[in-house]
Amino acid sequence: MSGIDVGQLKHLVVAPALAALGLDGDVAVNLVTGTALAESRGTYVRQIGGGPALGLWQMEPATHDDCWVNFLCYPAGKRFGRILQGMLSQDLPRSAQLVSNLRYASAMARIRYYRVSAALPATSDPAALSRFHKQYYNTAAGAADPLSNIPYFRQAAMV
């Protein structure tokens, strides 16, 4: 099965979404693009095997909702919340839009990374991005393999 064109995803979806948040830059764009490839191969919008994860970024509804309840509603996150509200369509619940609204889903992935205390890697080194993804997005208990995922982050940085 083939997935979405990575260059189009990066330049037409991720980069503008992150720019709208003011959380862009090469490293952030490559990290979020690589995350879509590592999490879903840029293909699947529903977790294989029946798990709860949704969208190309495979964010779980509980993680999505936690971003809203514990960050986007508070002073430090309200500006981002207003921007994200503007990305939403009005006919679906927010978490359902992780499947159908690429702009919103990529922005939420960036918010997930923004909330961690560690700074983004200094460069778009694929190994560093893959390790960062594993530690701060997928978690220690998750299925991601930081060595096996390096090619996805390399691909994201090269397009």
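Look a little higher up for the structure.
Presented here is a report on the structure given in the accompanying data block. (Residues numbered from 1 in each chain as written. Predicted model: local features only at pLDDT ≥ 70, side-chain atom pairs only at ≥ 80, totals over all residues. Heavy atoms only, no water.)

### Focus: the overall build of the chain
Part 1: Within the chain, the regular secondary structure consists of 8 helices and 0 strands.
Part 2: Secondary structure elements of the chain, listed N to C terminal, follow the sequence α-α-α-α-α-α-α-α.
Part 3: Its C-alpha atoms give the chain a radius of gyration of 14 Å, near enough to 15 Å, the size a compact globule of 159 residues would have.
Part 4: The proportion of buried residues among the 159 residues of the chain is 47%.
Part 5: Of the accessible surface of the chain, which amounts to about 7,600 Å², a share of 54% is contributed by carbon and sulfur atoms.
Part 6: Taken as two groups, the 14 positive and 10 negative side-chain charges of the chain have centres that lie 5 Å from each other. (Helix = DSSP H or I, 4+ residues; strand = E, 2+ residues; numbered from the N terminus. Rg over C-alpha atoms; globule rule 2.2 N^0.38 Å. Buried < 20%, exposed > 50% of the residue type's maximum accessible area, 1.4 Å probe, protein only. Areas by Shrake-Rupley, 256 points an atom, 1.4 Å probe, with all protein chains shown as cover. Lys, Arg positive; Asp, Glu negative; His and termini not counted. Charge placed at Lys NZ, Arg CZ, Asp CG, Glu CD.)

### Focus on unusual backbone geometry
Part 1: Although it is not a glycine, Arg41 adopts a positive phi angle of roughly 60°.
Part 2: Structurally, the position occupied by Arg41 is in the loop between helix 2 (26-40) and helix 3 (61-72).
Part 3: When its relative accessible area of 40% is taken as the criterion, Arg41 is described as partly exposed.
Part 4: One non-glycine residue, Gln58, lies in the positive phi region at around 50°.

### Overview of the packing of helix 3 against helix 6 (residues 102-114)
Part 1: With their axes 10 Å apart at the nearest point, helix 3 and helix 6 run at an angle of 60° to one another. Taken together, the axes of helix 3 and helix 6 are oblique relative to one another. In the crossing of helix 3 with helix 6, the sense of the turn from one axis to the other is left-handed. Only Tyr104, Met108, Ile111, Arg112 and Tyr114 of helix 6 make contact with helix 3, whose side of the interface consists of Thr63, His64, Cys67, Trp68, Phe71 and Leu72.
Part 2: Along the lines of polarity and charge, the residues of the contact of helix 3 with helix 6 split into 8 nonpolar, 2 polar and 1 charged. (Axes fitted to C-alpha atoms, helices over the stretch in contact; angles between N-to-C directions. Parallel < 35°, antiparallel > 145°, perpendicular 65-115°, else oblique. Left-handed = near helix turned anticlockwise from the far one by under 90°. Contact = heavy atoms within 4.5 Å. Nonpolar A, V, L, I, M, F, W, Y, C, P; charged D, E, K, R; others polar.)

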